[in-house]
Amino acid sequence: MSDMDFSASKALTMGIELELQILNRRDCDLTLGAGDLIRVLERSGHPGDIKPEITESMIEISTGIHERYDTALAELRAIRDALVAAAQKLNLLVAGGGAHPFQRWNERQIFDRPRFRQISALYGYLAKQFTIFGQHVHIGCPDGDTAMYLTHAMSRYIPHFIALAASSPYHQGTDTSFDSSRLNAVYAFPLSGRAPMLDRWNAFVAYFEKMRAAKVVESMKDFYWDIRPKPEYGTIEVRVFDTPLTVDKAAALAAYVQALARYLLLERPVVVHEDMYLAYTYNRFQACRFGLEGLMIDPASHEHRPINEDIVATVGTIAAHAEALQSTAAMRLIRGWAGTGTNDATWMREHFKRSDSLADLMWQTSQLWGGMP
Amino acid sequence: MDPLHFLPAWPPASTPLGWVAVLLLAAIVTGESVRRFLRISRVIGYLAVGVLLGPAAGGVIDNGTAGQLRIFVDIAVGMLLFELGQRVDLGWLRRNPSLLAASVLEAALTFMLVYVAMTWFGIRPVTAAAAALLAVATSPAVVMTSIKDLRAQGQVAERLMLFTALNTAYAVIGLALMVGLLDYESHRPLATMILHPLYLVAGSLVLAGVLAMVMLSLLRLFGRRPAFQFSATVSLVLLTVVAATMLKLSVPLALLLLGVFGRLFDHERHFVSLRFGETAMLFIVLLFALAGASLEFTGWSTAVPLALAIIGARLIGKALPILLLSHASGLALRKSSLVSLGLMPMSALSLLMLHELTRRSPALASEVGPPIFLAIAVLAFAGPLAIEFALRRAGEAAEETQ
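In what follows, the accompanying structure is described. (Residues numbered from 1 in each chain as written. Chains lettered and ligands numbered in written order. Predicted model: local features only at pLDDT ≥ 70, side-chain atom pairs only at ≥ 80, totals over all residues. Heavy atoms only, no water.)

### Topic: the overall build of chain B
Point 1. A tally of helices and strands in chain B yields 17 helices and zero strands.
Point 2. If you line up chain B on its principal axes, its C-alpha atoms span 80 × 55 × 50 Å.
Point 3. The buried share among the 402 residues of chain B stands at 56%.
Point 4. The contacts in chain B between residues at least 6 apart in sequence include a share of 81% that link residues at least 24 apart.
Point 5. In the form shown here, chain B has an accessible surface area of approximately 16,900 Å², with 72% of it arising from carbon and sulfur atoms.
Point 6. Put simply, chain B has 28 plus and 21 minus side-chain charges, and the middle of one group is 7 Å from the middle of the other. (Helix = DSSP H or I, 4+ residues; strand = E, 2+ residues; numbered from the N terminus. Buried < 20%, exposed > 50% of the residue type's maximum accessible area, 1.4 Å probe, protein only. Contact = heavy atoms within 4.5 Å. Areas by Shrake-Rupley, 256 points an atom, 1.4 Å probe, with all protein chains shown as cover. Lys, Arg positive; Asp, Glu negative; His and termini not counted. Charge placed at Lys NZ, Arg CZ, Asp CG, Glu CD.)

### Focus on the packing of aromatic side chains
All names here are of chain A.
Point 1. This model, assessed by the stated rule, comprises 18 aromatic pairs over all chains.
Point 2. Ring geometry for phenylalanine 6 and tryptophan 201: centres 5.1 Å apart, planes at 75°, overall edge-to-face. Taken together, the residues span a long stretch of sequence, with phenylalanine 6 in the segment before strand S1 (14–24) and tryptophan 201 in helix H8 (residues 201–213) at a distance of 195 residues. There is no split in this pair, since phenylalanine 6 and tryptophan 201 are both buried.
Point 3. Arranged with centres 6.0 Å apart and planes meeting at 90°, the rings of phenylalanine 161 and tyrosine 256 form a pair that is edge-to-face. Separated by 95 residues along the polypeptide, phenylalanine 161 in helix H6 (residues 158–165) and tyrosine 256 in helix H9 (residues 247–267) bring together distant segments of the chain. This pair shows no difference in class: phenylalanine 161 is buried, exactly as tyrosine 256 is.
Point 4. Among the aromatic residues, those joined into a ring-pair cluster are Phe6, Trp201, Phe204, Tyr207, Phe208, Phe223 and Trp225.
Point 5. Its guanidinium or amino end placed over the ring of tyrosine 233, lysine 230 lies 4.7 Å from that ring's centre, counting from NZ or CZ. (Phe/Tyr/Trp six-rings, centres within 6.5 Å; stacked < 30°, edge-to-face > 60°. Lys NZ or Arg CZ within 6 Å of the ring centre and 35° of its normal.)

### Some remarks on the packing of helix H4 (residues 70–87) of chain B against helix H11 (residues 226–246) of chain B
Residues and elements named next belong to chain B.
Point 1. As a packed pair, H4 and H11 sit with axes 9 Å apart at the nearest point and diverge in direction by 115°. Taken together, the axes of H4 and H11 are roughly perpendicular relative to one another. The handedness of the crossing between H4 and H11 comes out as right-handed. Of the residues in H11, those in contact with Asp74, Ile75, Gly78, Met79 and Phe82 of H4 are Thr233, Val234, Val237, Leu238 and Val241.
Point 2. Among the residues forming the contact of H4 with H11, the class breakdown is seven nonpolar, two polar and one charged. (Axes fitted to C-alpha atoms, helices over the stretch in contact; angles between N-to-C directions. Parallel < 35°, antiparallel > 145°, perpendicular 65-115°, else oblique. Left-handed = near helix turned anticlockwise from the far one by under 90°. Nonpolar A, V, L, I, M, F, W, Y, C, P; charged D, E, K, R; others polar.)

### Things to note about helix H5 (residues 144–153) of chain A
All names here are of chain A.
Point 1. When you tally the buried positions in H5, you get nine out of ten residues, the bulk of the element.
Point 2. Taken together, the buried positions of H5 are Gly144, Thr146, Ala147, Met148, Tyr149, Leu150, Thr151, His152 and Ala153.
Point 3. Where H5 is buried, its residues contact strand S5 (134–140), H8, strand S10 (227–230), strand S11 (235–242) and H9.
Point 4. A distance of 3.1 Å separates the backbone nitrogen of aspartate 145 from a side-chain oxygen at the start of H5, and that oxygen is part of aspartate 143. (Polar contact = N/O pair within 3.5 Å; in protein donor to acceptor, adjacent residues only side chain to side chain.)

### Concerning empty space enclosed by the protein
Point 1. Tallied over the entire structure, the rule returns seven cavities of 30 Å³ or more.
Point 2. Considering only enclosed or pocket space, the largest cavity measures out at about 80 Å³ in volume.
Point 3. Residue lining of the largest cavity: Asn24, Arg25, Arg26 and Asn91 of chain A together with Arg87, Val88, Asp89, Trp92, Glu158, Met161, Leu162 and Arg263 of chain B, and that is the complete set.
Point 4. Residues that form the lining of the largest cavity fall into these classes: four nonpolar, two polar and six charged. (1 Å grid on protein atoms, 1.4 Å probe; cavity = no way out; pocket = protein on both sides within 12 Å on 5 of 7 lines; lining within 4 Å. Points joined across faces, edges and corners; volume = space filled by probe spheres on them.)

### Remarks on the environment of alanine 99 of chain A
Residues and elements named next belong to chain A.
Point 1. Its location among the elements puts alanine 99 in the loop between strand S4 (92–95) and helix H3 (113–123).
Point 2. For the pair formed by alanine 99 and threonine 131, sequence separation is 32 residues and the distance between their alpha carbons is 6.9 Å.
Point 3. Among all residues touching alanine 99, those that are not within four sequence positions of it are Gln21, Ile132, Phe133, Ser167, Ser168, Tyr170 and His171.

### Concerning the packing of helix H16 (residues 348–360) of chain B against helix H17 (residues 362–393) of chain B
All names here are of chain B.
Point 1. Direction vectors running N to C along H16 and H17 enclose 165°, while the axes themselves pass 9 Å from each other. Classified by the interaxial angle, the pair formed by H16 and H17 is roughly antiparallel. Of the two possible hands of crossing, H16 and H17 adopt the one that is left-handed. Across the interface between the two elements, Ser350, Leu351, Leu354, His355, Leu357, Thr358, Arg359 and Arg360 from H16 touch Pro362, Leu364, Ala365, Ile372, Phe373 and Ile376 from H17.
Point 2. Residue composition of the contact of H16 with H17, grouped by class: nine nonpolar, three polar and two charged.

### Considerations on a nonpolar patch on the surface
All names here are of chain B.
Point 1. A cluster of nonpolar residues, Tyr199, Val242, Met246 and Leu247, forms a patch on the protein surface that exposes about 410 Å² of accessible area.
Point 2. With respect to the helices and strands, tyrosine 199 occurs in helix H10 (residues 190–222).
Point 3. Residue classification places tyrosine 199 among the partly exposed positions, given a relative accessible area of 41%. (Patch = residues over 30% accessible without salt bridge, like charges linked within 9 Å, V, L, I, M, F, W, Y side chains within 5 Å. Salt bridge = Lys/Arg side-chain N within 4 Å of Asp/Glu carboxyl O.)

### Details of the pattern of salt bridges
Residues and elements named next belong to chain A.
Point 1. Taken as a whole, this structure holds 34 salt bridges over all chains when the rule is applied.
Point 2. Here aspartate 344 ties to lysine 249 by a salt bridge, and the two come within 3.6 Å at their closest N and O atoms. Taken as a pair, aspartate 344 in helix H14 (residues 344–355) and lysine 249 in helix H9 lie far apart in primary sequence, 95 residues in all. In terms of burial, aspartate 344 and lysine 249 fall into one category: buried.

Structure below.
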């Protein structure tokens, strides 16, 4: 069996991965602690899966496979509670957010050494900017062809995902003016962007094998695409979300992707075509820069409209699918955020305006993550 | 009239500031040299310069000069203890009570083992207790300097700071009680013996509490500008030193508490971005150099067995409770053993406490002076190596940028 055989999974199941920041309680800067945290969690036992990441100041939590929004949310909350309890024991804070607002790369080294050196040698300063934290949502697909359809059809909604989840307005101590500065770091990588316009799994495998033969990539992991098929899990993986400030938001975003997937797979409203990507980078930039107030161009109708209006309209379109998936509560949240035009970046800017301290902002962020009001 | 009156006299008259400049330059150059060429702690270099220029080696700095430079020692110790206190999160003890247990037990066991070892060597109980008290405290200067120097972060570094702050506090409070005991020995009334330590501890608490509130209201009023925070904090640290001295309170305890309260009362997290920078480092370098200069090297030949007993008892006393409570406190055994090792340093503060004790009880100096000085000297030099080893092995030290 090759690593590119698509393992079938139940359609429309979902799984959520969140990369989280580990902070010290003193000045709320990133700190080393993933190893010790995981050790405490393993000894006490915990729900879900908790893994180390490339840096010791990042930890990744992931849920099991869920069919429903409410069970996914419950599992995320349980994992969060276990994580927060372990962090308290070690005097650490855990927080969401797409990037740490003031960590300075030249001041501290956080990557574990051998792998950091390898990545750093290849990417130079890009590697140093890459301490960013994202949410990945997996949607189960019964076969590779379905996965390819969904990968392309879902691309229209990428600006929605970016704008709703954006939580990295600050970087290196300044307001970047972007709602999601994290994605700028991702887009600097040569293998970022979108999957090539192939709608059959066989064709995609052929493309991948050519890339591998040319030694452009070694595995699917080397593609940093916004949406990529994951044959090993039998899913497509949406990767553009900044890690939200709360697990509740993370679960609602996943439910939104799931409901969209049901709509796309059952109604097949679009035919996959290269023209779907006409406005792709434009829309993506608008979403990163202006968040929910950005403008997006509908690739089919060429109509311009604010992203939040497009979200409200979409939530209406997919309402029946959300109901079938029992995620109407999540759609209400999504519509609420779009309606008021507020995302986590808005919240962060408001808090910073009040306290004038990015460290204090991170403290508030960690409290919010812990489920405190 | 001397036609060359405009030329300076030879040799030129020395001033305290002159000594500061000489000592500082020599210490910094030596510190950088040992770091670069021997790849060991800069602290070793600072200390070595002190020893070489100090009275023990017949150097240029005699006790009189060292006395004139005492103000720099006070400032350095003040900032160190304040920063240590500020970095310590008492809430952590509540969230992880095993840490409090480990801290109390390591201090108690260290005290008992050193006390037993000393009495076994035939030292009088009061004197043995005084020496055992000195063994409880880990050097805040070495711990803070090493952690900053290596830009270390992680559980080992955090726990080293926590345990050091606590065992320093225990030792300082113990010293206050000890002073009472020494008063009693010198036939002062029983009331003095009780009231004196009470005054020291309660007075230091009140002073630190009041000044911490003053500091926080200043910060609340004038905001978070780092330069302002730095100056305001340094001024208040100095004020605390002066006030504690004038009121005959415990200066180290007051400073440690100022840091702790400064953080504890800081509900709006005004302090969150405060950092002591390179300016503070200058005082610390001087502190180590002067500590080196005040090490004594007499009567060491007979002191070796007792000094080794002190060091061994101290190592066991600190390591055993921390290792036993390792799992309960949520740390791997390997890292806990590194924490124990990192608690070995003794340095400037121990010397200051020793001077305080011998000043009140000269008999103590003659009875155990040399072994304690030897133990402190060994741990002053070995301690920085031990803690740097511990932080590196724990993977908490950042790569050095040249």
